[in-house]
Structure formats: structure tokens, C-alpha cells
Amino acid sequence: MSVTEAVKSLLPAAAPAAPVIPPPHSPAAPAGSHPTPCPSWCRDRHSPLSHHFGPTSTWHWSPQYQVPNPRPLDGGPETLLRAELVRNDENSATGPVSLYFQAEGDVDLSADEADIFIAQAQAWVDTLRVLRRQMG
């Protein structure tokens, strides 16, 4: 017996190769995700488990765009206006997109503060136009 044959005889026998199982044609949805795809504006599109969802519905929210309160009155909110897109998908159906608004608080502004507020509000309105275009 040669040295090579002697070494080979000491090695364990090779196990038969495991069968190759092809991947499924469509990847399974991650656990806890909804069967409808996220819209491009969804703030949680790269994090499916961050959605507010239940057994038959998923809520998609865009980032929230705000107009700050330039001078909150005693204990008033820091934000006056906010807007965002929202869509609620039920079962496997894609829901309609809505522009969701909230308004809070009171404000009493001087002339300079009013100028600042008007500029911020105009920028916010421009953002609303962008959100509207994203609604389709």
C-alpha cells in the first residue's frame, strides 16, 4: 500500500452530496408584513414590521411635514400645522391615498414673527403640492 492510499484510508468516507433544492419562484413575504407593496412615499417601506398593521390591514404613512409655532402661547403646542399622506390597505386590496391634516393651538404674532410664519407656511403649502402629486 502506498503512503497516499494509507492516508486516504484514514480519512472518513465522504458523505453523499445533499440534493439541491431550487429556491421558490416568488419569495415569501416576511413574517408580519402585508401582501400589498408599500407606496414609494411610505416612511416604513424598508422596515415592514414598523407599519401599524393588523391581521387584515396595513397603514402606510409618509413622513410628517410641519409648520412650527413661532411663538407658542402659555403651554401651547410647538407645532401649528402638520400634514402627511396615508393609505390603509385591507386584505389584498390597495386602499385610496389621503392627505391627512392636523392643526393645533393659537398664535399671536408680531409683524416680524408674521413674516417668518408666512414664509414657513408658504414652504409648507409648496410641500402639500408635492404630496398631492404623489397621491396620483
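It should be noted that the structure appears before, not after, this text.
The present account deals with the structure reproduced in this document. Since the structure is predicted, the reported quantities are computational estimates derived from the model, not experimental observations. (Residues numbered from 1 in each chain as written. Predicted model: local features only at pLDDT ≥ 70, side-chain atom pairs only at ≥ 80, totals over all residues. Heavy atoms only, no water.)

## Details of the packing of aromatic side chains
Ring pairs (aromatic) are described by centroid distance and by the angle formed between their planes.
Item 1. All chains considered together, the criterion is met by three aromatic pairs.
Item 2. Centroid distance Trp59 to Trp61: 6.2 Å. Interplanar angle 20°. Geometry classified as stacked.
Item 3. According to the relative accessible area criterion, Trp59 is partly exposed, its value standing at 30%.
Item 4. The structure contains a cluster of three or more aromatic residues connected by ring pairs, namely Trp59, Trp61 and Tyr100. (Phe/Tyr/Trp six-rings, centres within 6.5 Å; stacked < 30°, edge-to-face > 60°. Buried < 20%, exposed > 50% of the residue type's maximum accessible area, 1.4 Å probe, protein only.)

## Overview of the environment of Glu78
Item 1. Locating Glu78 in the fold gives a position in the loop between strand E3 (65-68) and strand E4 (79-90).
Item 2. Using a relative accessible area of 59% as the deciding quantity, one classes Glu78 as exposed.
Item 3. The spacing of Glu78 and Gln66 is twelve residues in sequence and 9.9 Å in space, taken between C-alpha atoms.
Item 4. Contact partners of Glu78, with chain neighbours within four places excluded, come to Pro68, Asn69 and Pro72. (Helix = DSSP H or I, 4+ residues; strand = E, 2+ residues; numbered from the N terminus. Contact = heavy atoms within 4.5 Å.)

## Structural notes on the nonpolar core
Item 1. Judged by nonpolar contacts, Trp41, Val67, Ala83, Leu85, Trp124, Leu128 and Leu131 together constitute the single largest core of seven residues.
Item 2. Counting residues per element, the ones that place at least two in this core are E4 and helix H2 (111-134).
Item 3. Top element by residues in this core is H2. It accounts for three residues.
Item 4. Those residues in contact with Trp124 that sit more than four places away from it in its chain are Tyr65, Gln66, Val67, Leu81, Arg82, Ala83 and Phe101. (Core = buried A, V, L, I, M, F, W, Y, C linked by side-chain atoms within 4.5 Å.)

## Examining unusual backbone geometry
Item 1. Of note, the phi angle at Asn91 is positive, near 50°, even though the residue is not glycine.
Item 2. Considering the arrangement of structural elements, one finds Asn91 in the loop between E4 and strand E5 (97-103).

## Topic: the pattern of salt bridges
Item 1. In the structure shown here, the tally under the stated rule is five salt bridges.
Item 2. A salt bridge links Arg82 to Glu104, with the shortest nitrogen-to-oxygen separation between them at 2.6 Å. Separated by 22 residues along the polypeptide, Arg82 in strand E4 and Glu104 in the loop between E5 and H2 bring together distant segments of the chain.
Item 3. Assessed through its relative accessible area of 14%, Arg82 is described here as buried.
Item 4. Its salt-bridge partner being Arg129, residue Asp126 comes within 3.0 Å of it at the nearest N-O pair. Separated by three residues within a single helix, Asp126 and Arg129 lie in helix H2, roughly one turn from each other. (Salt bridge = Lys/Arg side-chain N within 4 Å of Asp/Glu carboxyl O.)

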